[in-house]
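Chains, contacts and geometry: an overview
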Amino acid sequence: NNNSSKKTHKANFNIDLKDAQDGKVVTRFPPEPSGYLHIGHAKAAILNKYFADMYHGKLIIRFDDTNPAKEKMEYQDSIIEDLQLLGIKGDRLTFSSDYFDEMYNLAINMIKENKAYCDDTPLETMRAERMDGIKSKRRDASVEENLDIFTNEMKNATEKGLTYCLRAKISYDIPNKALRDPVIYRCNLIPHHRTGTQWKMYPTYDFCVPVVDSIEGVTHALRTIEYRDRNPQYVWMQEALHLRPVHIWDFARVNFVRTLLSKRKLQWFVDKKYVSNWDDPRFPTVRGVRRRGMTVKGLTDFVISQGPSKNIINLDWSSIWAFNKKVIDPIAPRHTAVFKKDACLISLSDGPTEKTIEKRPKHKKNPDVGEKDVIYTSSLLIDQDDALAIATDGDKEITLMDWGNIVIVNVVKDETSEVVKEIQGKLNLQGDFRKTKKKITWLANTDDKVELDLVDFDHLITKDKLDEGDNFEDFLTPKTEFHTPAYGDVNVSQMKEGDIIQFERKGYYRLDKAATESSPAVFFTVPDGKTVSKY
Ligand code: ATP
Ligand code: MG
Ligand code: MG
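Residues numbered from 1 in each chain as written. Chains lettered and ligands numbered in written order. Predicted model: local features only at pLDDT ≥ 70, side-chain atom pairs only at ≥ 80, totals over all residues.

Another aspect to go through is the sheet that holds strand β3 (residues 92–95). Spatially, three strands are ordered β1-β2-β3 in an open sheet, and the strand pairing comes out parallel. Each of the sheet's edge strands pairs with one partner strand only, and the pair in question is β1 (26–29) and β3. Adjacent strand axes in the sheet meet at a mean angle of 30 degrees, parallel and antiparallel pairs treated alike. As paired elements, strand β2 (residues 58–63) and β3 share four bridges and run parallel to each other. Looking at β3, one finds that R62 is bridged to T94. Its contacts with the sheet put helix α1 (residues 39–54) on β1 and β2, and the angle it makes with β1 is roughly 165 degrees. (Pairing = 2+ DSSP bridges. Helix = DSSP H or I, 4+ residues; strand = E, 2+ residues; numbered from the N terminus. Axes fitted to C-alpha atoms, helices over the stretch in contact; angles between N-to-C directions. Contact = placed C-beta atoms within 7 Å.)

If you want it as structure tokens, here you go:
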């Protein structure tokens, strides 16, 4: 067992790395530039940084770019940006492709020591042989022949070379199938996004990672738990190549209910236009969750809270949003929105004859958040739900938030629809707000109010956890985007895209697009881990 369970003094994160020396620890985050970072990658990145910091060591960001078929500069750039967004900057930025020469030479050494062989067994047959523990017909080929095929045929991707791959000679029938002569090099004619056509064969993940980890000075390699069967293989490679050993520390992969994390599947949603792009608020990408209102601190706190767990669990999104709520609640400015549909008029017989504007705190418990304008008039708007509740309960007196009490004089309903059209009342500012049952949010019914489009989302798929053999395309949620038109208070027009606020009694929202002359301000609901969505 490579995992340390030493007792530590750290209260929040009760885990140490084995044989870690202060100032000497080197961790690495090795994304493949084959898609945008998602929340699982964020967990890996944050954990690596956490350990590097905890031991005053170093963090390497390494692009694991050994498969030219999937990799693009666009993804590489986005990953760097997203890491920056998360406040993660490595001490070094490296590329697996920086080591193609060294890996090539090491593979040659491996062949020379009779620890690797070239194999032209057809793929399907090879898979079946590995499954059944059958020895490849090429396994006993001579070192000379293997060297010739590797350095001439495979390296130049000749017609013959293209039929071969290089396999580590570990065992063909050992119970752990990951150790059954894994493929360590294969040909690929697609140009590489950094090295172009210089190489026509590439090391596999299983060869590349242990080699580069060792060469780069990594002391602790954090790997998700599903690689556990491959850990002995990682150790074998370093031993076989006489490289410095690296400690492995396993951690649990994060999965979320009704959420796909595979880059291939996410790409499908983008290609089919089910989502706008990789930063769609329904996506579990770093960009997606940020657009949905996730803060860096919320995300980091969540990851650290998950840290010690080695159980792969299917998390509910509410747990991560609950962490985020703790971050935003003390600082999110409070504002007012009223749903447009059947908004009810309040007419005050003794209200201000002209509109007046007063400053009020944006956050009652945190004066640092600043002040906002509140407009007072005799004609106000409230939500139909509130109006209906007043009518149904027959309230005599209610409280208007940020103002005071009013006495209800008359309630006017639409005769056929039962919709409350108007509530007539008069001010009772000496009244005790503690004695009323309802504290209502309201908006001055003036041209200052801002048109809003409040948007909420549902998960893209309907099933909590897809089973082996399930096709995700059979579980698409038919409707995942919900729009509610509303009015916002005058201050909304000052907000900047990305601002996270609370519309009081409605929830947290993030401004995705500011209003223009012809389009409303678009706010996305920020889940708070508690409130059940309206859909
Ligand atoms: P995909 O299979 O979607 O392409 P990947 O796992 O191959 O994703 P990489 O870019 O190779 O993506 O991953 C970079 C790092 O992120 C690896 O260390 C990997 O273990 C880690 N990682 C990927 N997905 C998760 C996850 N769901 N939870 C935790 N860590 C993850
Ligand atoms: Mg990978
Ligand atoms: Mg994967």
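Looking now at the UniProt feature "domain: tRNA synthetases class I (E and Q) anti-codon binding" (unreviewed entry) in the protein. Mapped onto this structure's residue numbering, the UniProt feature "domain: tRNA synthetases class I (E and Q) anti-codon binding" (unreviewed entry) falls at residues 439–512. Summarising residues 439–512: 0% helix, 41% strand, and an end-to-end C-alpha distance of 29 Å. (UniProt positions renumbered as here; feature names shortened; annotations may be inferred.)

Around ligand 1, the surrounding shell holds 16 residues, and the nearest of these are P31, E32, G40, A44 and R253. With four residues, α1 is the single largest residue contributor to the shell around ligand 1. The residue makeup of the shell around ligand 1, split by class, is five nonpolar, six polar and five charged. (Near = placed C-beta within 6 Å. Nonpolar A, V, L, I, M, F, W, Y, C, P; charged D, E, K, R; others polar.)

Attention now goes to the sheet that holds strand β4 (residues 116–119). Strand order in this open sheet of four strands is β4-β5-β6-β7, and the pairing throughout is antiparallel. Two strands lie at the open edges of the sheet, namely β4 and β7 (201–203), each paired on one side alone. Each adjacent strand pair in this sheet contributes to an overall mean axis angle of 20 degrees, direction not counted. Relative to strand β6 (residues 183–187), strand β5 (residues 165–168) runs antiparallel, the two being bridged by three bridges. Each residue of the ladder has a partner; that of R167, found in β6, is V183.

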